[in-house]
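Report on the structure
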Amino acid sequence: MIADKDISLTFMKGMEVLEAFEHAATPLTIPELSRSTGINRSVTRRLVLTLVQLGYLLETNRAYTPSPRVLRLANGYLKERQFGRTVQPVMAAYSKRLGDAISLAVRDGADAIYVAYSPGDPALITSGFNIGSRLPLTATAIGRVLLAFSDPAEVEGILAEPSAAFTTTTKTDPNDIRTDLAAVRARGFAHVTGEYEPGVSSIAVPVLGPDTMAKAALGIVGPAARFEKKEICAGKAALLSECAETLGSFV
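Please read all numbers here as calculations on a predicted model, not as lab measurements. (Residues numbered from 1 in each chain as written. Predicted model: local features only at pLDDT ≥ 70, side-chain atom pairs only at ≥ 80, totals over all residues. Heavy atoms only, no water.)

Some words on the nonpolar core
Put simply, the test is: Among the buried residues, those of types Ala, Val, Leu, Ile, Met, Phe, Trp, Tyr and Cys that are joined through side-chain atoms within 4.5 Å form a nonpolar core. Buried means the residue's accessible area, taken with a 1.4 Å probe over protein chains only, is under 20% of the maximum for its type, while exposed means over 50%, and partly exposed covers the values in between. Going along the chain from the N terminus, every DSSP run of H or I of four or more residues is numbered as a helix, and every run of E of two or more is numbered as a strand.
Ranked by internal contacts, the top residues of the largest apolar core, which has 28 residues, are Leu104 and Leu218. Counting only elements with at least two residues in this core, the list comes to α5 (83-98), β4 (102-108), β5 (111-118), β8 (200-208), β9 (214-223) and α9 (230-247). Residue contributions to this core peak at seven residues, all from α9. Of all hydrophobic cores here, the second largest spans 23 residues; its members include Leu147, Phe149, Leu159 and Ala190.

Considering the sheet that holds strand β2 (residues 57-60)
This is how it is decided: Strands are labelled as partners when DSSP assigns at least two bridges between them.
The sheet built from three strands is open, its strands ordered β1-β3-β2 with antiparallel pairing. Pairing within the sheet leaves two strands with one partner each, and these edge strands are β1 (28-29) and β2. When β1 meets strand β3 (residues 63-66), the two strands line up antiparallel, connected through two bridges. In the sheet register, Leu28 faces β3, and the bridge partner there is Tyr64.

Points about the pairing of β9
Within β9, seven of the 10 residues are buried, which leaves the element mostly enclosed by the surrounding structure. Two strands pair when backbone bridges link them, and β4 and β9 are joined in this way by three bridges, in the antiparallel orientation. The residue of β9 that forms the bridge with Ala105 is Ala217. Examined bridge by bridge, β8 and β9 share nine bridges and lie antiparallel to one another. The residue of β9 that forms the bridge with Val207 is Ala216. Taken together, β8 and the strand that follows it, β9, pair antiparallel across an intervening segment of five residues, in which Thr212 is found at a positive phi of about 60 degrees.

As for the pattern of salt bridges
As a reminder of what qualifies: For this document, the term salt bridge refers to a Lys or Arg side-chain nitrogen within 4 Å of an Asp or Glu carboxyl oxygen.
Following the criterion strictly, the structure yields 11 salt bridges and no others. Here Glu22 ties to Arg134 by a salt bridge, and the two come within 2.6 Å at their closest N and O atoms. One end of the pair, Glu22, is in the loop between α1 (9-19) and β1; the other, Arg134, is in strand β6 (residues 134-136), and 112 residues separate them in sequence. Exposure remark for Glu22: the relative accessible area of 35% places this residue in the partly exposed category. Arg134 gets classed as partly exposed once you look at its relative accessible area, which sits at 23%. Among the charged side chains, a salt-bridge network with shared partners connects Glu22, Asp108, Asp111 and Arg134.

What about the packing of aromatic side chains?
The condition that has to hold: Ring geometry is summarised as follows: Phe, Tyr and Trp rings, the Trp one being its six-membered ring, pair when their centres sit within 6.5 Å, and such pairs are stacked at plane angles under 30 degrees, edge-to-face over 60 and tilted between the two. Placement of a positive charge over a ring is assigned whenever Lys NZ or Arg CZ falls within 6 Å of the ring centre and within 35 degrees of the normal to the ring plane.
Scanning all chains against the criterion turns up one aromatic pair. Ring plane angle 65 degrees and centroid distance 4.9 Å describe the contact between Phe166 and Tyr196, whose orientation is recorded as edge-to-face. Residue Phe166 is located in the loop between α7 (152-159) and α8 (174-187), and its partner Tyr196 is located in the loop between β7 (190-193) and β8; the two are separated by 30 residues in the primary sequence. Given the relative accessible area of 24%, Tyr196 is considered partly exposed. The residue whose ring lies beneath Arg187 is Phe189, and the NZ or CZ to ring-centre distance is 5.1 Å.

Here we look at the sheet that holds β4
Applied cut-off: In this description, a line fitted to the C-alpha atoms serves as the axis of each element, helices being fitted only across the stretch in contact, and the angle between N-to-C directions of two axes falls anywhere from 0 to 180 degrees. In what follows, a contact means two residues having at least one pair of non-hydrogen atoms within 4.5 Å.
Spatially, β6-β5-β4-β9-β8-β7 is the arrangement adopted by the six strands of the open sheet, whose pairing is antiparallel. The open sheet has two free edges, formed respectively by β6 and β7, since each of these has just one partner strand. Ignoring strand direction, the axes of neighbouring strands in this sheet form an average angle of 35 degrees. One ladder, built from seven bridges, connects β4 with β5; its direction is antiparallel. Note on β5: the bridge partner recorded for Ser103 is Tyr117. Along the sheet face, α9 touches β4, β7, β8 and β9 and points at about 35 degrees away from the line of β8.

All quantities given are derived from atomic positions and should not be read as evidence of function.
Here's what the structure looks like:
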């Protein structure tokens, strides 16, 4: 834990303002950003104007949107791991073999965040997720794989917080989720149906490090009817695991 005296609270608040745009479908005004972040309006105004001056926000009629410059913040992460040179080609090859779009995600707090994506048949895409999209750990296959192969103490910390119900079949009881995580560890992949989107199934496998903890997870999503048969799910999980093993040294 870093001591408070070594932290720039102003910089922290500036990042909170940037993060407020994550789920925004329209430009945000300063009052809206102030309410969203809980930061005093005058402070929010100075932070926003600073971000405009630095080129990270664009202003139109006193409303603000992120500029393309924010993509620079992710470039170092993606470049260091050679996503364009190694990760993306491997995912593209396995996407063709599977006939499904493949997503690669890492854990960020209580969420899984997409860091790479390779499209399969566009007709099978059920949600408009892309790089940077976030998914809950407890209600998705890609999230449960990340949890199942994480430090038990961290998992308990996440399960201690109330889990949101996204559909009528979402598991929210910590004991139910623990049971599912044990099953995921035993078979090596997660299969979740209808818990995040009605009628949608997802399958995911871990990308393991030397300590057998998940560094990342690979997942596919499709209509539930396509994943009803256990042998189909097992076959797709096996191909995903091949892909995960190949990517293990890069992610």
